[in-house]
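Inside the fold
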Amino acid sequence: AGGAGAGAGAGARAGDGRGAARLAGLTLINPATCYPRSNLASKGPLVLSAPNWLYIPTLSSLLPMFADAFQFPQLIKILTSEGLPSVLDTEARESYMGRVAFTLPLRLRYMPKSTLDWRLNQWLAEGCKRMTDERLASLGVGSIDGRNGPLRTLVVVGENDKVLPSVEEAQRIQRLFGAGG
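Here is a short report on the structure shown in this document. As the structure is a computational prediction, the values presented were derived from the model and not from experiment.

1. So, the nonpolar core
Core analysis: the largest hydrophobic core is formed by 17 residues, its most contacted members being Tyr-35, Leu-40, Leu-116 and Leu-120. The contact partners of Leu-120, leaving out residues within four places of it in the chain, are Tyr-35, Leu-40, Gly-44, Pro-45, Leu-48 and Ala-125.

Next up, the structure:
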């Protein structure tokens, strides 16, 4: 992206002590501003609407969004005795895992339903309502003191996000920032 080089350069100048005055400000925007268009926004309410006795299994249905391509195949290898995690490097450790592995889901503490409800509805949904396009665009229109023209912008995003459409959101934010992006 056009803003990447400019933003990186500004950070380097500010960090070396010679151009600290050139860094006028820093704004961090989480790509969760796209929460209403996310997989979590469509699947999270289904978890919340599940009866309490089905909450944990339904909550578990969200796990594929948070796991990478290597975690599930490795878990299958472990469960079928085809492979072990590298930390199980002794017979005693392997034996301990064999005794507790299948009872682990019963020992774990899960996120309470009220916490998930608050995070989805108050934190994410309400936060997104407040971060309007106009508000986002206003962050990129000029420097803090108004003297240096548009702010240089560095947009950083993960490409393999299965929870949020982060790449599309980064592109949208960059478009909103216009010439400063």
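2. Looking at helix H2 (residues 39-49)
Among the residues of H2, those classed as buried are Leu-40, Ala-41, Gly-44, Val-47 and Leu-48. Down the axis of H2, the sector holding all buried residues measures 125°, keeping them to one side. For H2, exposure combined with an orientation more than 90 degrees from the buried face picks out Leu-46 and Ser-49. Contacts from the buried residues of H2 go to helix H3 (55-60), helix H4 (63-66) and helix H8 (113-130). With a side-chain oxygen lying 3.4 Å from the backbone nitrogen of Leu-40, the N-terminal cap of H2 falls on Ser-38.

What counts, and at which threshold
- Residues numbered from 1 in each chain as written.
- Predicted model: local features only at pLDDT ≥ 70, side-chain atom pairs only at ≥ 80, totals over all residues.
- Heavy atoms only, no water.
- Core = buried A, V, L, I, M, F, W, Y, C linked by side-chain atoms within 4.5 Å.
- Buried < 20%, exposed > 50% of the residue type's maximum accessible area, 1.4 Å probe, protein only.
- Contact = heavy atoms within 4.5 Å.
- Helix = DSSP H or I, 4+ residues; strand = E, 2+ residues; numbered from the N terminus.
- Arc of directions from axis to C-beta.
- Polar contact = N/O pair within 3.5 Å; in protein donor to acceptor, adjacent residues only side chain to side chain.

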